[in-house]
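Results of the structural survey
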Amino acid sequence: MARKPALVLSFVGDAPTSEIQQALERRGRERAEVHEVHLSSGAENPGEVAQNRGAIEAELWIPGPPIMTADPNIVPGAYPITHLSYMEALELSTYGAVRIPPEVLVPLIDARIPIRIRCLGAPPGVTTWVDAPGAGDEQRPTSVCSLRRQTLIDVQLRRPARMEELPRLLDQSAFRIALAIETVSGQGLSFVVPAADADRARQVIEAALEPWRKRLEVESIIIREPVSVLTLVAEAMGQRAQLAGRFFGALGEIGVNVLAIGQSASSRSISCVIAEEHTTSAVRTVHDAFNFAHQTVNVFVLGRGVVGGELIDQIRAQGPVISADHGIELVLVGIKDSQRLWFDENGLELPDDWRERLGPEGEEAGAQLGETALLALRRLPVPVLVDCTAAEDMAPFYHRVFGHGIHVVAANKKPLTIDQRDRDLLMKAARRHYRAYHYETTVGASLPVIETLKDLVRTGDRVQLIEGSFSGTLGYLTHALSGGTPLAEAVRTAQSLGYTEPQPQDDLSGRDAARKALILARELGLSIDMDDVKLVPLVPSEILVELDEARFYRALEAYQQEMAARIEGLRAQGQVLRYLARIDPEAASRGEPVLSVGPVGVPLDHPAASLQGSEAIVAFTTARYQAYPLIVRGAGAGGSVTAAGVLADILRVAQRLRGR
């Protein structure tokens, strides 16, 4: 009777007998199919056994969780790898992602015996199949691995030399070299060894280099520690362009400095050495950049008023669509208002009536997030703080946020309109920490005003004049007044619709419009402060000092007749009232204000004359757009459109990290 082809079932590594027994029971195969069982790492090499027995398959059981696309303790979105090529498995074993020694895999690879890897800590049915072709998926690398607690030893010589002896000597010293990199010229050689072996490695290197040292040919031996080796592994990686660029580009985007680089001729893997403190953020960023899974973005919202509340609703409503269509998983982990804080690093579970039910169970909190909350947020993948408040003195807080490695998306204009020097320092802080700071909605709600201006400046166009109705709120009010609506009624309606700031006085004073104009002027490169702005409010300043809401509206009612007369006077001249800002970079040379904001009458053929409701308009007159200015127009106020703009800025953070 012909002998049945053998299947070798082996346990690699130490595991409790109880776990092995449970694994065998879960396996459910007939013992007749099993030729031999190895119960510990001290048994024969299972790879050699399978090779000698002519096995048709080797089944290797290893302790711990399944083989993943990354360490799940670092990347919560990591998931099991179901199919590997032989060489991918060998690379992953070298860098610690597969817990099977290379000496076990090599005999199986030589004999072309397929391998089924089962993990004691994996759910039933979760296995990794290893064979010659592998998965054949050219669209994604296999895994990102990280070796921590390593030491980089960098040897520099003063003239080219052959140093093949060094790796051989280190190999004979009973410790493992994770990476060895030699310069083409032979003047430099770098080794990465476990930190525990660094002293012995240095002694071996110094002894080997003694002849060179005597000839004064050793420039330096530099020790860098602790470091980590970050490796991207993929069978098809060498067949696709731009993989190395995406790998290092993703690290550059988060400010990770690469200390050394190694890549095999097969291009099956690419490795780099980084400071160990950057390991977590580097692994997460590379994992997400290569589309291993959805890009997770953890969002913390400051303010749950009109804009903040609408943003939360949009994240809840659009989250599944964004995940399915764009591969971005938005997780709302925190909400904070002026009194309380709600935080859950796994994501807040909000009911449909969350506004009413999000109440006293939140933690008491001050005006800003405390250090504990920031530390919790920074540990999450792609943390984004969203400022939907109108709070003052946020710039120092933003500095802390950037320092913690957290991105900022803001609808709050005030940090951008502080003293010019402090504003410049804030921008430098974001760049220094490689954090995104997006604030498109600070001018024109969701209209692409700031990005349009940035594109004009970046492409070398010369902006000659910026003019427009920057405030959708004042656009709504002047349109309503021109249509005959009494002043107090128009303001009440604008406030109820969420068009105004929390205090309408801020809008009527023109300071909100002036802030937006100042933001644009600074994006243009002008050095200018609020004191330099010629500002005329929509109503007399004595009305604006009334902070009590009832007295404020009574004062507006008293001024209504005078405002109506002004409207009629403009109508008789063929004009309408609009609240416009004007930025003229050359005005200073004529002794005029560079930035002026105030109510003016405009002829009926003026672009702003046809504005309806809360529409805003910005016209850019430039060297390229001189005869016909470039106009951006649309809804310039309202919680819904502003929140949509904020959401777009959040998505920009994720898309930038993914290289899209």
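That block above? That's the structure.
In this text, all values refer to a predicted model and were calculated from it rather than measured experimentally. (Residues numbered from 1 in each chain as written. Predicted model: local features only at pLDDT ≥ 70, side-chain atom pairs only at ≥ 80, totals over all residues. Heavy atoms only, no water.)

Each helix and strand counted, the chain has 22 helices and 25 strands in total. Looking at the 660 residues of the chain, the share that counts as buried comes to 52%. The contacts of the chain with a sequence gap of at least 6 include a subset with a gap of at least 24, amounting to 73%. Surface exposure of the chain reaches about 29600 Å², of which carbon and sulfur atoms provide 49%. (Helix = DSSP H or I, 4+ residues; strand = E, 2+ residues; numbered from the N terminus. Buried < 20%, exposed > 50% of the residue type's maximum accessible area, 1.4 Å probe, protein only. Contact = heavy atoms within 4.5 Å. Areas by Shrake-Rupley, 256 points an atom, 1.4 Å probe, with all protein chains shown as cover.)

Another aspect to go through is the pattern of salt bridges. Tallied over the entire structure, the rule returns 25 salt bridges. For Arg355, the salt bridge is made with Asp313, and the minimal N-O distance between the two is 2.8 Å. Taken together, the residues Arg355 in helix α11 (residues 354-357) and Asp313 in helix α10 (residues 306-326) connect sequence positions 42 residues apart. By relative accessible area, which is 38% here, Arg355 ends up partly exposed. Since its relative accessible area comes to 23%, Asp313 is described here as partly exposed. One salt bridge in this structure joins Asp529 and Arg522, with 2.7 Å as the shortest N-O distance. Given a relative accessible area of 5%, Arg522 falls into the buried group. Among the ionic contacts, a cluster of salt bridges with common partners joins Glu451, Asp455, Arg458, Asp649 and Arg652. (Salt bridge = Lys/Arg side-chain N within 4 Å of Asp/Glu carboxyl O.)

Right, let's get into the sheet that holds strand β25 (residues 630-635). A sheet is described by the order of its strands in space; here 6 strands give the open sequence β21-β23-β22-β20-β24-β25, paired in mixed fashion. Two strands in the sheet have a free side with no partner beyond their single neighbour: β21 (534-535) and β25. Here β21 runs beside strand β23 (residues 595-603); their pairing, made up of 2 bridges, is parallel. Looking at the pairing, Leu535 lines up with Val597 of β23. Relative to the sheet, helix α16 (residues 472-482) contacts β20 (463-469), β22 (575-583) and β24 (615-622), its axis offset from that of β22 by approximately 160°. (Pairing = 2+ DSSP bridges. Axes fitted to C-alpha atoms, helices over the stretch in contact; angles between N-to-C directions.)

Another aspect to go through is the sheet that holds strand β12 (residues 269-275). Strands sit in the order β8-β9-β7-β10-β12-β11 across an open sheet of 6 strands; the sheet is antiparallel. Looking at the sheet topology across the chains shown, the edges are occupied by β8 (179-182) and β11 (258-263). Adjacent strand axes in the sheet meet at a mean angle of 30° when their direction is disregarded. The sheet contacts of helix α8 (residues 243-253) involve β10 (218-233), β11 and β12, and relative to β12 the element is tilted by about 15°. Where helix α9 (residues 279-289) meets the sheet, it contacts β7 (143-157), β10 and β12, and its direction lies at approximately 120° from that of β7.

Taking 1.5 Å of rise per residue, the 13 residues of helix α14 (residues 420-432) would be expected to cover 18 Å, and the 18 Å separating its terminal C-alpha atoms lies within 8% of that figure. Of the positions making up α14, those classed as buried are Gln420, Arg423, Leu426, Met427, Ala429 and Ala430. Each element contacted by the buried residues of α14 is listed here: α13 (395-403), β19 (437-438) and α19 (511-523). Backbone nitrogen of Arg421 and a side-chain oxygen of the N-cap are separated by 3.1 Å at the start of α14; the cap is Asp419. At the exit of α14 stands Tyr434, carrying a positive phi of roughly 55°. (Expected span 1.5 Å × (residues − 1). Polar contact = N/O pair within 3.5 Å; in protein donor to acceptor, adjacent residues only side chain to side chain.)

Glancing now at the packing of helix α3 (residues 86-94) against helix α4 (residues 102-110). At a closest axis distance of 10 Å, the pairing of α3 and α4 adopts a crossing angle of 170°. On the basis of the axis angle, α3 is roughly antiparallel to α4. Of the residues in α4, those touching α3 at Tyr86, Ala89, Leu90 and Ser93 are Pro102, Leu105, Val106, Leu108 and Ile109. Grouping the constituent residues of the contact of α3 with α4 by class yields 8 nonpolar, 1 polar and no charged. (Parallel < 35°, antiparallel > 145°, perpendicular 65-115°, else oblique. Nonpolar A, V, L, I, M, F, W, Y, C, P; charged D, E, K, R; others polar.)

Now for the layout of surface pockets. Counted as a void, the largest pocket has a volume near 800 Å³. Of all elements in the fold, only α10, α18 (504-508), α19 and α22 (639-657) reach the threshold of two or more residues within the lining of the largest pocket. For the lining of the largest pocket, the leading source of residues is α19, giving 3 residues. Across the lining of the largest pocket, the residue classes tally to 15 nonpolar, 17 polar and 11 charged. Taken as a whole, the second largest pocket encloses approximately 600 Å³ of empty space. What lines the second largest pocket is a set of 26 residues, and nearest its centre among them are Ser281, Arg378, His404, Gly405 and Arg435. When residues of the lining of the second largest pocket are traced back to their parent elements, those giving at least two are α9 and α13. Broken down by element, the lining of the second largest pocket gets its largest block of residues, 5 residues, from α9. Counted by class, the lining of the second largest pocket contains 8 nonpolar, 11 polar and 7 charged residues. (1 Å grid on protein atoms, 1.4 Å probe; cavity = no way out; pocket = protein on both sides within 12 Å on 5 of 7 lines; lining within 4 Å. Points joined across faces, edges and corners; volume = space filled by probe spheres on them.)

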